[in-house]
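Observations on the model geometry
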Amino acid sequence: MSAMAAPYAAMVMDARNGEVIHADNADTRLHPASLTKMMTLYVVFEAVQNGEISMDTKVRISRKAASEPPSKLGLRSGSTIQLRYLVRAAAVKSANDAATAIAEAISGSEAAFARRMNRTAKALGMNRTTFKNAHGLTESGHQSTARDMTILGRHVLYDYPQYYNLFSRRSTDAGIKTVAHTNRRFLDSYRGADGIKTGYTRAAGFNLTASAERGGERIIVTVFGGNSTASRNAQVAKLMDLGFNKAPARMALRTPRKPPYLGPTVSSTTETVIARSQTPATHTRAKSIRVVAAAVKTSLRPIARPVAEPVLPDALVATLQDDIQSVLAEVQTEDVQEVAATAAKVALATAAPATAPPSAASGTDKIAPSASIKPVVRPRTIVLASASTGTSDATQPVETREAEVVTRISTSGGRHWGINVGRYPSRHAAEKALLTTALSEMATLDGSLRKVVNGARGFDANFMGLTREAADLACRRLQARQVTCFMIGPG
């Protein structure tokens, strides 16, 4: 198959820091074809991570989705299928019916999903992209650029690394059948290639956004307007070689900033603010749009209403303070008396047995207490805590020392979960990020274990020793403050 002379465009980028190595017609708005599905899948990953939908969700196939032209999975109207199979079909086979079904499952309609795609594109800095549908079939106004698609490919790689393996599968189970990868020829022929997405329509030509890694270096290439699969793959391989030859062997990893989560829907005012905030000088920084997070109309979880602190009368406060002091004095006195009484009993029981009368060995007193028995103070059912004075009490008598409650992290009780708050180029940077995050989110991370893991792509900053619920809550709270976070399961 060959295409009719579609306009050519190309971009070569060092994925480690986003530096452009080569650009040719890279900002011209062209038809992206199925490269569109990278954004469809990016939105899916965002929705799953934020609890809008699950990979196990059963999706009912509409007549519109089932009637999409090839490439398609072959879904039938009225049938149901798990979301994970639709994702696989869209990523590997580039199935148009699966892409439309995904859009309808997440946003209710493809038009609403396209609006979300455009909102996400602006947040990623894709300033010359407009989406009209979820699959990429030719439609008036549905356009993008080689630069924008390269930016998107880089975000797919770094923002959702847990799903990136989808793009390198030569084949996969798509629920109703096994499908082959549309990019398997390039994956098999170019060393280090592991994704990402192909695209073809008559108007677009043969498009490809590809990524490859060799010896710690990673290059992303986008080509629009190839004349055939073979010529496109050859051109991408040529540009890949150019990238690896020009990229420095060592480079500090500077991953792209993940955009803030804006929820499934936002107001038109918010979309306007996002659009205005995206200028060429700032489109790579998420900070410029953080202000719009407050405009989200819906929330995954209800937010508690603010409740004012109760104001107590001075007389009641004074009475409560007196009661607390009285109870403290009573408890301390009872503890001292109990310890003293117990000690006296032990002293009598350990007296010389030779002076005891013969009758003492009869009845229930046959067993004399051992001299090794020590008095034991039983825990009280009421514990009052007071503020620390800041001085050590190690020299105080045990009977007058205040009770101390000590807690420690444990791996029991389901504390096998963790969270990742980013990948950094050095251990020092990862440790600094952990400390900063711990101080800002003490409510959920207090008592967790800070751990830096040295991997092939950098140093992961992790908090470990959490329950699943605590890890989920911590991630949600951090993401609400635009902090990158994903959960780490047991093992």
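Everything discussed here concerns the structure shown above.
Residues numbered from 1 in each chain as written. Predicted model: local features only at pLDDT ≥ 70, side-chain atom pairs only at ≥ 80, totals over all residues. Heavy atoms only, no water.

1. Some words on the layout of surface pockets
For clarity, the cut-off: A 1.4 Å probe that fits but cannot get out identifies a cavity on a 1 Å grid over protein atoms alone, an open set with protein on both sides within 12 Å along at least five of seven lines counts as a pocket, and a residue lines either if it has an atom within 4 Å of a point. Grid points are joined across faces, edges and corners, and a volume is the space filled by probe spheres set on the points. Labels follow the DSSP assignment, with helices taken as runs of H or I lasting at least four residues and strands as runs of E lasting at least two, numbered in each case from the N terminus. Any residue outside Ala, Val, Leu, Ile, Met, Phe, Trp, Tyr, Cys, Pro, Asp, Glu, Lys and Arg is labelled polar, Gly included; the first ten of those are nonpolar and the last four are charged.
Taken as a whole, the largest pocket spans an internal volume of roughly 1,300 Å³. Thr255, Pro256, Arg257, Lys258 and Thr484 are, among the 50 residues lining the largest pocket, the residues nearest its centre. When residues of the lining of the largest pocket are traced back to their parent elements, those giving at least two are β1 (9–14), β2 (19–24), α6 (146–159), β10 (417–424), α11 (427–440), β11 (449–455), β12 (458–466) and β13 (486–488). At 7 residues, the largest contribution of residues to the lining of the largest pocket is made by α11. Grouping the amino acids of the lining of the largest pocket by side-chain chemistry returns 21 nonpolar, 15 polar and 14 charged.

2. Thoughts on the sheet that holds β2
Here is the rule: Should DSSP find at least two bridges between two strands, the strands are regarded as paired. Angles here are taken between N-to-C directions and fall from 0 to 180 degrees, while the axes themselves are lines fitted to C-alpha atoms, restricted in helices to the stretch in contact. When checking whether two residues touch, look at their non-hydrogen atoms; a contact exists if any pair is within 4.5 Å.
As summarised here, the arrangement of the 5 strands in space is β2-β1-β9-β8-β7, forming an open sheet in which the pairing is antiparallel. Two strands lie at the open edges of the sheet, namely β2 and β7 (193–201), each paired on one side alone. Strand-to-strand twist of the sheet, defined as the mean angle between neighbouring strand axes without regard to direction, takes the value 10°. Relative to strand β8 (residues 205–214), β7 is paired through 8 bridges, and the arrangement is antiparallel. Looking at the pairing, Thr201 lines up with Gly205 of β8. Relative to the sheet, α6 contacts β1, β2, β7, β8 and β9 (217–226), its axis offset from that of β9 by approximately 140°.

3. A look at the packing of aromatic side chains
Stated precisely, the cut-off is as follows: Pairing of aromatic side chains here covers Phe, Tyr and the six-membered ring of Trp, requires ring centres within 6.5 Å, and sorts the geometry by plane angle: under 30 degrees stacked, over 60 edge-to-face, intermediate tilted. A 1.4 Å probe rolled over the protein chains alone gives each residue an accessible area, and that area as a share of the maximum for its type sets the label: buried under 20%, exposed over 50%, partly exposed in between.
In the structure shown here, the tally under the stated rule is 6 aromatic pairs. Taking 4.4 Å as the distance between ring centres and 10° as the angle between the ring planes, the aromatic pair formed by Phe45 and Tyr163 counts as stacked. Note that Phe45 is positioned in helix α1 (residues 36–49) and Tyr163 in the loop between α6 and β5 (171–173), a separation of 118 residues in sequence. Residue class for Tyr163 comes out buried when judged on its relative accessible area of 18%. Here the aromatic rings of Phe186 and Tyr190 are separated by 5.5 Å at their centres, their planes lie at 5°, and the arrangement is stacked. The two residues Phe186 and Tyr190 agree in class, both being buried. Here a set of aromatic residues connected by ring pairs shows up, and it is made of Tyr42, Phe45, Tyr160 and Tyr163.

4. Some remarks on the pairing of β12
Of all 9 residues in β12, 8 are buried; the element is thus mostly enclosed. The pairing of β10 with β12 spans 6 bridges and is antiparallel. By the bridge assignment, Arg423 is partnered in β12 with Asp460. In this structure, β11 lies alongside β12, joined through 7 bridges in antiparallel fashion. Residue pairing for β12: Lys451 is matched across the bridge by Asn462.

5. As for the pairing of β2
Direction of pairing for β1 relative to β2: antiparallel, over a ladder of 5 bridges. By the bridge assignment for β2, Asp14 is matched with Glu19.

6. Re unusual backbone geometry
Note the cis peptide between Pro70 and Ser71, where omega equals 5°. Tracing the backbone through its elements, the reader meets Ser71 in the loop between α2 (63–66) and β4 (80–82). For the peptide bond that leads from Gly195 to Ile196, omega is 20°, which places it in the cis range. Within the secondary structure layout, Ile196 lies in strand β7.

7. Quick notes on the pattern of salt bridges
What counts here: Here, a salt bridge means any Lys or Arg side-chain nitrogen found within 4 Å of an Asp or Glu carboxyl oxygen.
Within the structure shown, the criterion is met by 15 salt bridges. As a salt-bridge pair, Arg170 and Asp188 come within 2.9 Å of each other at their nearest N and O atoms. Placement of Arg170 in the loop between α6 and β5 and of Asp188 in helix α7 (residues 184–189) is noted, with a sequence separation of 18 residues between them. According to the relative accessible area criterion, Arg170 is partly exposed, its value standing at 35%.

8. What about the state of the cysteines?
The test is simple: Cysteine sulfur atoms that come within 2.5 Å of each other are treated as a disulfide pair.
All told, the structure shown has 1 disulfide when counted by the stated rule. In this model, Cys475 is linked to Cys485 through a disulfide, with the two sulfur atoms separated by 1.9 Å. One quick way to see it: the torsion about the S-S bond of Cys475 and Cys485 is about -80°, and its sign makes the bridge left-handed. Placement of Cys475 in helix α13 (residues 468–480) and of Cys485 in the loop between α13 and β13 is noted, with a sequence separation of 10 residues between them.

9. Observations regarding the packing of α1 against helix α5 (residues 110–124)
This is how the line gets drawn: Should an angle fall under 35 degrees it is called roughly parallel, over 145 degrees roughly antiparallel, and 65 to 115 degrees roughly perpendicular, with every other angle called oblique.
Close contact between α1 and α5 brings their axes to 10 Å; oriented N to C, the two are set at 90°. Relative to α5, the element α1 lies roughly perpendicular. In this structure, α1 contributes Thr36, Met39, Thr40, Tyr42, Val43, Glu46 and Ala47 to the contact, and α5 contributes Phe113, Arg116, Met117, Thr120, Ala121 and Leu124. For the contact of α1 with α5, a count of residues per class yields 8 nonpolar, 3 polar and 2 charged.

10. What about the side chain of Ser94?
With respect to the element layout, Ser94 can be found in the loop between α3 (83–93) and α4 (96–107). By relative accessible area, Ser94 is classed as buried at 6%. Discounting chain neighbours no more than four positions away, the residues touching Ser94 are Ser34, Lys37, Ser71, Ala89, Thr182, Lys197 and Thr198.

11. A short note on a nonpolar patch on the surface
Where we set the bar: Each patch is assembled from residues with relative accessible area greater than 30% and no salt bridge, linking like charges that lie within 9 Å and nonpolar side chains (Val, Leu, Ile, Met, Phe, Trp, Tyr) that lie within 5 Å. Here the open area of atoms and residues is found with the Shrake-Rupley method and a 1.4 Å probe, where only the protein chains shown may cover a residue.
A cluster of nonpolar residues, Leu435, Leu439 and Met442, forms a patch on the protein surface that exposes about 320 Å² of accessible area. Its location among the elements puts Leu435 in helix α11.

12. Here we look at empty space enclosed by the protein
For the structure on display, the rule yields 2 cavities of 30 Å³ or more. Looking at the largest cavity, its volume works out to about 120 Å³. Lys258, Pro259, Pro260, Tyr261 and Gln479 are, among the 14 residues lining the largest cavity, the residues nearest its centre. Considering every element that reaches the lining of the largest cavity, the biggest residue donor is α1, with 3 residues. Looking at the lining of the largest cavity residue by residue, the classes come out as 7 nonpolar, 5 polar and 2 charged. By volume, the second largest cavity amounts to about 70 Å³. With 4 residues, α5 is the largest single contributor of residues to the lining of the second largest cavity. A class-by-class count of the residues in the lining of the second largest cavity yields 4 nonpolar, 2 polar and 3 charged.

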